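# Geometric and topological summary
The primary structure of each chain is shown beneath.
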Amino acid sequence: MLKRFDACEIEKRWQKYWQENKIYDTGPRDTSRPKEYVLVELPYPSGNLHIGHWHAFAVPDIYVRFKRMSGTQVLYPMGFDAFGLPAENAAIKNQLDPKKWTEQNMLDMRKQLDSMGNAFNWEHSASTTDEEYYRWTQWMFTEFFKRGIAYRGEGQVNWCLCCQTVIANEQVHNVEDDDCCERCDSKIEKKNMPQWMLRITDYADRLVDDLKDLDWPEAIKEAQRQWIGRAEGYEIDFKLNVDDYDGVVVFASNNKSKCARLKYLLSSTKLKIDLKTPEEIGISDFKVKEDGETLSDNSLKKARTLANLIDLPVLADDTGFFIAGSNVDPVKVKRNALQDLKEEELSQDQISNLVLEHYKSLATKQGGEVKATWKHVMTLIMPDGEEKQVTANRPVILTNKVNGQIDHNLPIRSLYIVKATGKYANEQNDQETELDLQPITDELNKLFQNAISVFTTRPDTLFGATYIVLAPEHPYLTKYNNLITNREEVDIYLKNSLKKRDQDRLDISKEKTGVKLEGLSAKHPLTNEILPIYVADYVLGNYGTGAVMAVPAHDERDYDFATKFSLPIKPVIENNEEPLPFTQHGKLINSEKFTGLNSEEAKTKITNETGGKTKRTYRLRDWSIGRQRYWGVPIPIVYDPEGKPHTVPDKYLPWKLPEDVDFTPTGLPPLAKSKELLERTEKIFGTGWRPEVETMDTFVDSSWYFLRYIDHINKDIFSSTKAQHDWMPVDIYFGGPEHTTMHLLYSRFWQKVLFDMGLVTCDEPYNKRVNRGLILGPDGNKMSKSKGNVINPDEQVADVGSDTVKMYLAFMGPYEGSNYPWDMGGIAGIRRFLERFYGLSDHIKKDEPEEITRLLHQTIEKVTNDIPQFKFNTAISALMIFVNRAERLGLTNETYRKAILLIAPFAPHLSEELWQRQKSGSDTEKIDSIHLQSFPKANPDLLKSDTVEITIQVNGKKRGSLNIPRGEKEAYVLTAIKNDDGLAKHLDDKVKKVIYVQDKILNIVLEK
RNA sequence: GCCGCGGUGGCGGAAUUGGUAGACGCGUACGACUCAAAAUCGUAUUCCGUAAGGAGUGAGGGUUCGAUUCCCUCCCGCGGCACCA
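Here goes a summary of the coordinates provided. All of these numbers come straight from a predicted model, not from anything done at the bench. (Residues numbered from 1 in each chain as written. Chains lettered and ligands numbered in written order. Predicted model: local features only at pLDDT ≥ 70, side-chain atom pairs only at ≥ 80, totals over all residues. Heavy atoms only, no water.)

## Description of the overall build of chain A
Our working definition: Secondary structure elements are defined from DSSP: runs of H or I of at least 4 residues count as helices, runs of E of at least 2 residues count as strands, and each element is numbered from the N terminus. A 1.4 Å probe rolled over the protein chains alone gives each residue an accessible area, and that area as a share of the maximum for its type sets the label: buried under 20%, exposed over 50%, partly exposed in between. Residue contacts follow a heavy-atom distance rule, with two residues in contact if any of their heavy atoms lie within 4.5 Å. All accessibility values rest on the Shrake-Rupley procedure with a 1.4 Å probe; residue burial counts only the protein chains present in the view.
Helix and strand counts for chain A come out as 30 helices and 39 strands. For chain A, the residues scored as buried account for 53% of the 1008 residues in total. If you take every contact in chain A between residues at least 6 apart in sequence, the share linking residues at least 24 apart comes to 73%. As presented, chain A carries roughly 46,000 Å² of accessible surface, and 48% of it is formed by carbon and sulfur atoms.

## Description of the sheet that holds strand S33 (residues 766-771)
Sheets are built from strands that pair by backbone hydrogen bonding, the pairs being arranged parallel or antiparallel. Condition: A pair of strands counts as paired when DSSP detects no fewer than two bridges linking them. Structural elements are reduced to axes, namely lines fitted to C-alpha atoms, with helices fitted over the stretch in contact, and the angle between N-to-C directions of any two is expressed from 0 to 180 degrees.
Strand order in this open sheet of four strands is S2-S1-S32-S33, and the pairing throughout is parallel. One side of each edge strand has no neighbouring strand; the edge strands of this open sheet are strand S2 (73-75) and S33. The sheet shows a mean angle of 20° between the axes of neighbouring strands, direction not considered. Judged from the three bridges that link them, strand S1 (residues 35-40) and S2 form a sheet pairing that is parallel. Bridging across to S2, Lys-35 finds its partner in Gln-73. On the sheet, helix H21 (residues 743-756) packs against strand S32 (730-735) and S33 and is oriented at approximately 175° with respect to S33.

## Comments concerning the packing of aromatic side chains
The description of an aromatic ring pair uses the distance of the two centres, along with the angle that the planes make with each other. Rule in force here: By convention, a stacked pair of Phe, Tyr or Trp rings (six-membered ring in the case of Trp) has centres within 6.5 Å and planes under 30 degrees apart, an edge-to-face pair has planes over 60 apart, and any other such pair is tilted.
Evaluation of the coordinates by the stated rule reveals 48 aromatic pairs. For the pair Phe-80 and Trp-122, a centre-to-centre distance of 6.4 Å together with 35° between the ring planes defines the contact as tilted. Residue Phe-80 is located in the loop between S2 and helix H3 (85-94), and its partner Trp-122 is located in the loop between helix H4 (98-116) and helix H5 (131-146); the two are separated by 42 residues in the primary sequence. Given the relative accessible area of 6%, Phe-80 is considered buried.

## Points about the environment of Arg-854
We apply this condition: In the analysis that follows, any N or O atom pair within 3.5 Å is treated as a polar contact, provided that within protein one partner can donate a hydrogen and the other can accept it, and provided that, for residues neighboring in sequence, both atoms belong to side chains.
Examined against the element boundaries, Arg-854 turns out to sit in helix H25 (residues 850-866). Here Arg-854 is in contact with Asp-941, Leu-942, Lys-944, Ser-945 and Asp-946, once residues within four sequence places are set aside. For Arg-854, the side chain forms a polar contact with the side chain of Glu-850, separated by 2.5 Å. Among the polar contacts made by the side chain of Arg-854, one reaches the main-chain carbonyl oxygen of Lys-944 at a distance of 2.7 Å.

## What to know about the pattern of salt bridges
Counted only if it meets this: By definition here, a salt bridge exists when the distance from a side-chain nitrogen of Lys or Arg to a carboxyl oxygen of Asp or Glu is within 4 Å.
This structure, assessed with the given rule, holds 54 salt bridges. In this structure, Arg-206 engages Asp-756 in a salt bridge whose closest nitrogen and oxygen atoms are separated by 2.8 Å. One end of the pair, Arg-206, is in helix H6 (residues 204-209); the other, Asp-756, is in helix H21, and 550 residues separate them in sequence. Ionic pairing is found between Arg-885 and Glu-851, a salt bridge with its closest N-O pair at 2.9 Å. Of the two residues, Arg-885 is situated in helix H26 (residues 872-889) and Glu-851 in helix H25; the sequence distance between them amounts to 34 residues. Looking at Glu-851, the relative accessible area reads 38%, which means it is partly exposed. Each of Arg-206, Asp-210, Arg-748, Lys-752, Asp-756, Asp-763 and Glu-764 takes part in one network of salt bridges that share partners.

## Concerning the nonpolar core
In plain terms, the rule: Among the buried residues, those of types Ala, Val, Leu, Ile, Met, Phe, Trp, Tyr and Cys that are joined through side-chain atoms within 4.5 Å form a nonpolar core.
Counting 88 residues, the largest nonpolar core has Trp-822, Phe-872 and Phe-906 as the members making the most contacts within it. Tallying contributions element by element places helix H2 (residues 51-69) first for this core, with 11 residues. With residues up to four places along the chain from it excluded, the contact list for Phe-872 reads Val-59, Ile-62, Tyr-63, Ala-810, Tyr-815, Ile-867 and Phe-906. Counting 83 residues, the second-largest nonpolar core is a separate cluster that includes Tyr-44, Trp-196, Leu-214 and Tyr-705.

## Quick word on unusual backbone geometry
It is generally the case that most residues other than glycine have a negative phi and that most peptide bonds are trans. A cis geometry characterises the amide bond from Leu-653 onward to Pro-654, with omega recorded as 0°. Note that the residue after Met-728, namely Pro-729, is joined by a cis bond; omega there is -5°. You can see Pro-729 is positioned in the loop between helix H20 (721-727) and S32. With a phi close to 45°, Lys-22 is a non-glycine residue in the positive phi region. As for its placement among the helices and strands, Lys-22 is situated in the loop between helix H1 (7-21) and S1. For Asp-999, which is not glycine, the phi torsion reads 65° and is therefore positive.

## Focus: helix H22 (residues 793-800)
What counts here: To obtain the arc, one takes the directions from the helix axis to the C-beta atoms.
The set of residues buried in H22 consists of Pro-793, Gln-796, Val-797 and Val-800. When H22 is viewed along its axis, its buried side chains cluster within an angular range of 100° and face the same direction. Seen from the buried face of H22, the exposed residues on the opposite side, beyond 90 degrees, are Glu-795, Ala-798 and Asp-799. Where H22 is buried, its residues touch H1, H2, helix H23 (802-811) and helix H24 (824-838). Two or three places before Asp-794, at the opening of H22, Asn-792 has a side-chain oxygen 2.8 Å from that residue's backbone nitrogen. Gly-801 sits one or two positions beyond H22 and adopts a positive phi of about 100°.

## A closer look at the environment of Pro-649
Relative to the helices and strands, Pro-649 is located in the loop between strand S29 (645-647) and helix H17 (675-685). Judged by relative accessible area, Pro-649 falls into the partly exposed class, the value being 31%. Considered as a pair, Pro-649 and Asn-255 are 394 residues apart in the sequence and their alpha carbons are 33 Å apart.

## A short note on the packing of H3 against H4
This is how the line gets drawn: Throughout, a crossing is termed right-handed when the near helix is turned clockwise from the far one, and left-handed when it is turned anticlockwise from it by less than a right angle.
It is at 9 Å that the axes of H3 and H4 come closest, and there the two elements cross at 115°. By crossing handedness, the relation of H3 to H4 is classed as right-handed. Side by side, H3 and H4 meet where Pro-86, Ala-87, Ala-90 and Ala-91 of the first sit next to Pro-98, Trp-101 and Thr-102 of the second.

## Points about a negative patch on the surface
The condition that has to hold: Like-charged residues are merged into a patch within 9 Å and nonpolar side chains (Val, Leu, Ile, Met, Phe, Trp, Tyr) within 5 Å, provided each residue has over 30% relative accessible area and no salt bridge. His residues and chain termini do not enter the charge count, which takes Lys and Arg as positive and Asp and Glu as negative. Each charge is placed at NZ for Lys, CZ for Arg, CG for Asp and CD for Glu.
Residues Asp-97, Glu-103, Asp-130 and Glu-132 make up a contiguous surface patch of negative charge. Residue placement: Glu-132 occurs in helix H5.

## Things to note about the protein's contact with RNA strand B
Our working rule: Note on terminology: near, applied to a residue and a molecule or strand, indicates that one of the residue's heavy atoms is within 4 Å of it. Here the nonpolar group is Ala, Val, Leu, Ile, Met, Phe, Trp, Tyr, Cys and Pro; Asp, Glu, Lys and Arg are the charged ones; every other residue, Gly included, is treated as polar.
The environment of RNA strand B is made up of 51 residues, and the closest members are Lys-512, Tyr-543, Arg-557, Arg-619 and Asn-1003. A distance of 3.1 Å separates a phosphate oxygen of RNA strand B from a polar atom in the side chain of Arg-836. In the environment of RNA strand B, a phosphate oxygen lies 3.4 Å from a nitrogen or oxygen atom belonging to the side chain of Asn-884. Elements that contribute at least two residues to the surface near RNA strand B include exactly helix H7 (218-228), strand S17 (451-456), H24, H26, strand S36 (947-954), strand S37 (957-965), strand S38 (991-997) and strand S39 (1001-1006). Across the surface near RNA strand B, the residue classes break down as 21 nonpolar, 14 polar and 16 charged.

Following this line, the structure appears as structure tokens:
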């Protein structure tokens, strides 16, 4: 029988009681219990809670409560991601202060959240708009800037006309073939402008590789992999028919041993370069003070200074180390190595020794052997100011052992010729081999040679390459502009293709276009055949090397282009003498000495023959974070009168958002209109200094909030190591699939940067990720005001109560994955069930049948197994089965108490009400909250009944079933079948075989 | 086009180390209560068939005593990537 209850009254009363008694406070970390950090994506305080918020917060609350009752110390915090466009737009529309609007919304939303009755840890909260929060966002940005992770970049950006701001690549969504803004769904344009960027591409490999150890749904991992788009291929050089440089080059340092080293390397290339130090060409007093930026910046600065003094090419060289997969900042290493010593007072050798010692101690700390990647950056500055920069990576192992002995006298210069064998090699001895030096000599060759580097995954088709294609953005188009005889035609094409990019993507026809570069051609690296060079926009400037070798016989795009321009098509791969469809692998033909090899073998053999090498390339671009809007974290940068950016020093953080701003979007950043910000900047830094006027993407704010939750009032650091040891990593992160390639990627990157800086204790922030589905309107469509199918949770709660709404959301289906339509009948069913549960006490008896006792324990078992798998729907179903039977057969008080405990995570208010009524009928005397009790444990002896129903099949078809004692043998069942008329009639004498699975099935196979 | 996930009654879904397909809820039908309706309670509810029986987990094929579950081919839906070399 149903028994109505007043959900509203019960829920308000207990919510107040819980709050007053702080029953959900986690308290300090208690190491006698396991911990679990359960995180839900922090909401934007839009001012009204929608049903999606309920799905996002109330359902995981079931898990949290269950875990707490099971003895785990669970942290379940909540906060607000309160910067962002909606506040600003609302403020513009209604002429309000976004700050006040946001603060009011947070208050309103807090009330709504309270009405959920969730077991949140409000004592661990954070709001991204708090000055004490964004102060740390800014501090991290300044640290990132100092390390070169944050930089001012130039290039094509996504501009949202509606939001009047730049957005990141991840925030561009595809709607019916249009590039649209993630926030407002309006179309975006491409635009060239300087941008604040974060070097997420430096972390591309780790962001891919580290996915494998995460307990995330495969779909999300795969989406991230695809977004990063790592491709393993090969880089092959096609020399241009242009002379190589072969004169004097000045090395931008007076470090003689380093110069000698490079000379040695140059001699091993085929170049005729004469490398000289500044002293050797008569510049005696050459020194530029290093001022704390990265080593490569410093060396480049030196080279530029030098280049201004002379009329010769200048080579800048820089060496850095990556130890144990983590980026060891050479500047920081140097600083740590020198400690309190002044660099100016030391000789080059002394510095070298100190740095070497420091590296050695790092090596020792890591067990005497350090796997590392050695990165070498070289920049060539030509007399006309053109700069070409290359980097070479290769794995090395640093060790403090040489031939088993610890070598204490290792010179620093030897470090950059460390072999992949794990031994130090000395400059003077001949342990170096060409092989070890190959990456460096390759890079040197590149700097001085005039070759087009192409990226390919199919070097096995090299002999089928009949022409070369450059992307319109390729630097050679400007570099060799004076050699191109049909310059005008090329320029028109370049202009058109750039315009095309700015236009509607829909207008791009799939028809290939391009122009041949007259006067410029390339040499096939193996046949020395002269190949024409084209510029065509089907080759992308920002992928691979921006140049491809075209193999029209085996690539569809090249085929289309070759057909259109009547270029030769030369097949070089076949399979059983059949021509192959594009992109397939097979046996090589027409490939000189490689003919007859299969594709896989040929790939490395041909690449080696050309002197090419393997190369990784990525689809991922750096994260552009500058926004030309008001309501965000000001980027803590000021520009000196020369326009050079400097970080705002720590003591001026938080670098506050000015309030004297008209933030109507005009395309000009609103902060540029603030008098106060300008005055503040000049007052602190001096006349002529200018503030940065862009604010940060709000995804920056949310990239680290989980670190602040756990230590939210710390004034000294954004999150202490102690707090992180207590709670990090996040054990389960519940959220929506829309964040797969945005927030989830950004915050992983952010965490890794902090990890490399030694500021966080783990490399990955989230152990397990659970993506929930979407709640659709009753009509099965996405809820939207225009469709009029929006379910307002407040109305639902007023109608049936918070417990019912929460339980209904949990009952719709498994939490992970699917989208579910809201069903009014369905929620009524849950309410009926809870009313039934409310009336269950009417069925309490002195004794209960064994069936009920067993069923109770089976239900405990089922619920205990299902909740950790987020299969709340089947757990609730089990509870329903129990209540249905218990109503009919009656239950003891003891069983009743356990049933209330069992339902407590699902219906926290109702169960508390029933629990408290257990106590002697007195209303005033309170006993401990049900939510502080232990979850019931199933008695294994009661899980299995003595009899089982066994299915009887004949020839695999079900013919009936029998109730037999558990554990009986085959013979017993066969006898039982013979005694059962209904079953026996299906049998004749010709039994061929009997298959018996104990307690489950018996199948009799008859001969035909 | 490539990659990932999925396809089970009128609906949401349940059941996979291969062993009674459709738990639980919704909806529907009939009955009880009622002057009546709602609410509630009871019974039924995959389809075809009066029944015996037969068919049935996107389609087709295979392995097996037995397939929603494993394998192959294909179709459809959702999501991601896409002129990415």
